[in-house]
Structures are given as structure tokens and as C-alpha cells.
Amino acid sequence: MSRKLKAGIIGSGFIGSAHIEAIRRLEFVEVAALAQDTQEKADRKAEQLGVPLAYGDYNELLANPDIDVVHNCTPNYLHYDINKAIIAAGKHVLSEKPLATSSMQTAELVKLARERGIIHGVNFNYRQYPMMKQLSEMVKKGEFGDIRLVHGSYLQDWLLYDTDYNWRLDSQAGGRSRAMADIGSHWCDSIQYVTGKRIAAVFADLWTVLPVRKKPVSGSGETFGDGADNHQLYEEVPIDTEDYGSVLLRFEDGSKGVFTVSQVSAGRKNALSFELNGTRKSAAWKQEEPAGLWIGHRDRSNEMMLADPALFLEEARSSIHHPGGHHEGWPDSLKNMMLHFYSYIRDGKDPERDPCGFATFADGHLSMCITDAILKSHERQQWAAVEL
Ligand SMILES: NC(=O)c1ccc[n+]([C@@H]2O[C@H](COP(=O)([O-])OP(=O)(O)OC[C@H]3O[C@@H](n4cnc5c(N)ncnc54)[C@H](O)[C@@H]3O)[C@@H](O)[C@H]2O)c1
């Protein structure tokens, strides 16, 4: 077998660690290095995660000629500079979402990545679930007829209390939008992927439910930390990004939709769900019960399809790895992301010519343009077009 591809990870908090685990499920890639913001943190993470090389500055990782692919898993405000540096170093790049914090930046990143000829991806992992691939192929084959309506929500509760704190709550670190850019972006990517239609205009109503929060004066603040080091001493800080938002949608073909996001809905952990209503049938899917696809009929009983390679369309089988009843979930969506991204690199595919099974920087730019339109619509309280 030829040499394994070597990956370097910048930022190994919640999602960086999940990238490492997912990469390790591929036999043709190895995790060679990680970088943190200090050498001490990098050494600690490298030991915890069993990664051979640790850098206290990501530029040192980029200077290592053996690294083929770099994952950007840092907080949002660093995405633009780090993605730019990865491209300049000539490495393939898999960035976390959002691709940057403004659509001017994301447009520039798309241009730079294309000019440099590297492979670029954004981790919109919900489109990587086996059932999402199956549904997108069913839609393409016209099983549901024309999709007229799309509706749903993405609800979480991890920021319910005013003592819940994370870097995302600081707009300097997270960007001008929080709930929309953080989780609304996943919902929009997922439904554009399954319907094959772009969101063309939005009408948004956003709300900062908790305008003041208690920020711990010490602690790592990594996402979904156990809180053991938090909440002893805190300072009250004003919050200027949304906890909640509802958005009316118009798609490019005139069809319509609506969705709600919230990070303050008690009992909802990672509840991304949606329903499509077509001219022939409906479909509904929930991330927390990912193996099931509800199919709604007018003239006969409704169905519940369960993920099973034997029942899947041929085109969807590359996204399902276990027999029916052996459910694949969130970590498996990351495995699929890595599988599709790294196979594309291994097979020498050309992004200008060969279709790819993952979200690219162009999708990351579209996502940022939708977020910008949502913010503009909310500010003006009127419809805003998504301008690419
Ligand atoms: N696709 C998904 O489902 C998903 C899920 C969670 C997070 N994310 C995205 O991943 C990114 C990180 O989120 P997280 O929840 O893992 O945050 P986190 O706070 O848990 O981890 C961020 C890590 O980056 C490190 N870091 C900070 N500055 C750095 C620097 N200059 N160089 C190197 N490392 C640095 C921090 O020390 C920390 O380890 C965000 O952009 C977020 O939107 C995506």
C-alpha cells in the first residue's frame, strides 16, 4: 500500500478530538500532529489523544512538509486567518463551520483555495448521515414529487441558564451571529442538501433571551466541558448575540419554508429535525433518531423506513456501513465526512470537475451569506435576499 496521508489538527477541544477519532477509523490516513495555542496545552492534548507531534503555534505545524491535510477546529474568530495560512502553505484543508465570520472573508477563501488548487471541505456533518444520503437520492429520483414546503427546527439546552458560558457567547470570538451561525447553519445546509435547492431569501426574528450572563473568571471553557472548573467565581457580561431565532424561507424555485433554532430549550439536546412536503409524499427526519425516515402518504398508511443497506438505493450505499438495526449516529457522520474527503484526495480527484460527497468552501460561503441575510433581515424587519 502507498504511504498513508498525514493529518494535522489545529485546535483539539470538543470537535477537534472528534475529528481525530473519526480519522483513525480510516485505514489510509494517520493523525501525525496537533497544534494548540500554547506548547504546554499542545503537549497535554497530544499525550491524552496519543498524537506523535505537538506544536504550540499552528505555523510550525504548517511548516512541516510531511503534513498533507490540515483540520481547522479552532474557535470561529480564528477560522479566516488559519484557513488562509493553510491554503498559503499548500495543504488540503478541512475547516470547521462557520468557514469564517463574514461573507467577504468566505468569498476570499473560496477564491484562494481554487487558485491554489487544494482540496477544501467544511464539516457540515449532518448531510453525511446514511439516511440523509438516502433521502437526497429519493428526492432526486422524484419520489416525493416537487418539494413545496420545508419546516423544522434545531433546538438545544446547553445555554439555558445564565451560568452557562462558552467562547461562543462573546461575539468577538464567535461572530455577530451565534445560534444561527452555530446550529442554524447546519439546518440550512442539511435541507439544501436533501432538497437540492438553494435558499434565496429570508425573513428573520432573533432574540437574545438572556442579555446578561455569568462568565467564569477561570476554567478552560471548552465546549461541553464538565463544568468542574467553572461557576465558582464569575463576572456578569452583556450578551449581544441571539439565543433563539425563527426564519421564514423562500427557495430559488419559489417554494417556501420556516425553521426555528434555540440554545435555551430545556430537554432538547441536539434536536435537529425537519419535514419536507412534496406534491406526492412527505418525509420527516430527526437527528436524535437517525435510523428512521418517516414517509407520509395521502391515500394509504404512512411508513417508517429504517436505515438498512439492503433497502437503500444503490447511490446511497457508500454512506452506510452496518446492517439494519446497527444504528449509525453522530460519530459515524464524522467518519463519513472523513471517508468522503480523504478518498477524494487519495483518488486525485479534481474539485473543478469531479462531484464530491462533502461540503466545500463554496458551501461554507453560501452558509455565511445566509447568516448575513438573516442578520440583515432581523435588523431591518423585512425580507432579505441571500447575496452570493
Ligand atoms: N460540525 C459540528 O458538528 C461542530 C460541533 C462543535 C463545534 N464545531 C465547530 O468547531 C469549532 C471549535 O468548536 P469546539 O466546540 O470544539 O470548541 P472548543 O473550545 O471545545 O475547542 C477549541 C480548541 O481550539 C483551541 N485553540 C484556541 N486558539 C487556538 C490557536 N490559536 N491555535 C490552536 N488551537 C487553538 C482551544 O484551546 C481548544 O482546544 C467551532 O468553530 C465550532 O463552530 C462544529
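Residues numbered from 1 in each chain as written. Predicted model: local features only at pLDDT ≥ 70, side-chain atom pairs only at ≥ 80, totals over all residues. Heavy atoms only, no water.

**Student:** Could you clarify how one ought to interpret the site of the ligand in this entry?
**Tutor:** Around the ligand there are 27 residues in total, and N76, K97, W167, E222 and T223 lie nearest to it. With respect to the ligand, the side chain of D37 contributes an N or O atom lying 3.4 Å from an oxygen atom. In the environment of the ligand, a nitrogen atom lies 3.1 Å from a nitrogen or oxygen atom belonging to the side chain of N125. If you list the elements that add at least two residues to the shell around the ligand, you get α1 (14-23) and α8 (179-195). Residues that form the shell around the ligand fall into these classes: 9 nonpolar, 11 polar and 7 charged. Three or more residues apiece are contributed to the shell around the ligand by two domains, here domain 1 (5-125) and domain 2 (127-329 + 366-385). (Near = heavy atom within 4 Å. Polar contact = N/O pair within 3.5 Å; in protein donor to acceptor, adjacent residues only side chain to side chain. Helix = DSSP H or I, 4+ residues; strand = E, 2+ residues; numbered from the N terminus. Nonpolar A, V, L, I, M, F, W, Y, C, P; charged D, E, K, R; others polar. Domains from an automatic or database assignment.)

**Student:** When you look at the environment of T241 in this model, what are you seeing that I'm missing?
**Tutor:** With respect to the helices and strands, T241 occurs in the loop between β10 (234-238) and β11 (244-251). Put simply, T241 and R178 are 63 residues apart on the chain and 5.6 Å apart in space, counted from C-alpha to C-alpha. Leaving out residues up to four positions away in the same chain, T241 has contacts with R168, L169, S171, G175, R176, S177, R178 and T208. (Contact = heavy atoms within 4.5 Å.)

**Student:** What should I look at first to understand the sheet that holds strand β2 (residues 29-35) in this one?
**Tutor:** Note on sheets: strands pair through backbone hydrogen bonds, and any given pair is parallel or antiparallel. The 6 strands lie next to each other as β3-β2-β1-β4-β5-β6, forming an open sheet whose pairing is parallel. Each having just a single partner strand, β3 (53-55) and β6 (120-122) make up the two edges of the open sheet. Direction aside, the axes of adjacent strands within the sheet are offset by 20 degrees on average. Those strands touched by helix α2 (residues 39-49) are β2 and β3, and its axis lies near 155 degrees from that of β3. (Pairing = 2+ DSSP bridges. Axes fitted to C-alpha atoms, helices over the stretch in contact; angles between N-to-C directions.)

**Student:** Mind showing me how you'd approach the domain arrangement of the protein chain here?
**Tutor:** Think of interface size as the accessible area that goes away when the parts come together; that is how it is often given. With domains assigned, the protein chain is organised as domain 1 (5-125) and domain 2 (127-329 + 366-385). For domain 1 versus domain 2, the separation of C-alpha centres amounts to 24 Å. Across the contact, 17 residues belong to domain 1 and 20 residues belong to domain 2. Summing the contributions of domain 1 and of domain 2, the shared interface buries around 1,500 Å²; its carbon and sulfur component is 58%. The interface formed by domain 1 and domain 2 holds 1 salt bridge in total. Between K97 and D182 there is a salt bridge, with the nearest N and O atoms lying 3.0 Å from each other. Run the count over domain 1 and domain 2 and you get 6 residue pairs in polar contact (both at pLDDT 80 or more). In terms of residue class, the side of domain 1 that touches domain 2 is built from 6 nonpolar, 9 polar and 2 charged. (Buried area = accessible area lost by both parts, 1.4 Å probe. Salt bridge = Lys/Arg side-chain N within 4 Å of Asp/Glu carboxyl O.)

**Student:** Honestly, the sheet that holds strand β15 (residues 292-296) in this entry has me stumped. Any pointers?
**Tutor:** Pairing within the open sheet is mixed, and its 9 strands lie in the order β16-β15-β14-β13-β7-β12-β11-β8-β17. Either end of the sheet is taken by a strand with one partner, and the two such strands are β16 (303-306) and β17 (384-385). Pairing geometry for strand β14 (residues 282-286) and β15, over 3 bridges, is antiparallel. Residue A283 lies in a different strand from β15, and its bridge partner there is I295. Each of β7 (147-155), β13 (271-278), β14, β15 and β16 is contacted by helix α6 (residues 130-140), which is oriented at about 30 degrees to β15, the strand it contacts most.

**Student:** What is the right way to read the pattern of salt bridges from this model?
**Tutor:** Throughout the structure, instances matching the rule amount to 29 salt bridges. One salt bridge in this structure joins D182 and R168, with 3.1 Å as the shortest N-O distance. With D182 in helix α8 and R168 in the loop between β7 and α7 (171-174), this residue pair connects regions lying 14 residues apart in the sequence. The pair formed by D182 and R168 is uniform in burial state, with each residue classed as buried. A salt bridge links E314 to R317; its shortest N-O distance comes to 2.9 Å. By relative accessible area, which is 35% here, R317 ends up partly exposed. (Buried < 20%, exposed > 50% of the residue type's maximum accessible area, 1.4 Å probe, protein only.)

**Student:** Would you explain the side chain of N123 in this entry?
**Tutor:** Looking at the element boundaries, N123 is found in the loop between β6 and α6. Here N123 is in contact with I15, H19, L94, S95, E96, K97, H186, L334 and M337, once residues within four sequence places are set aside.

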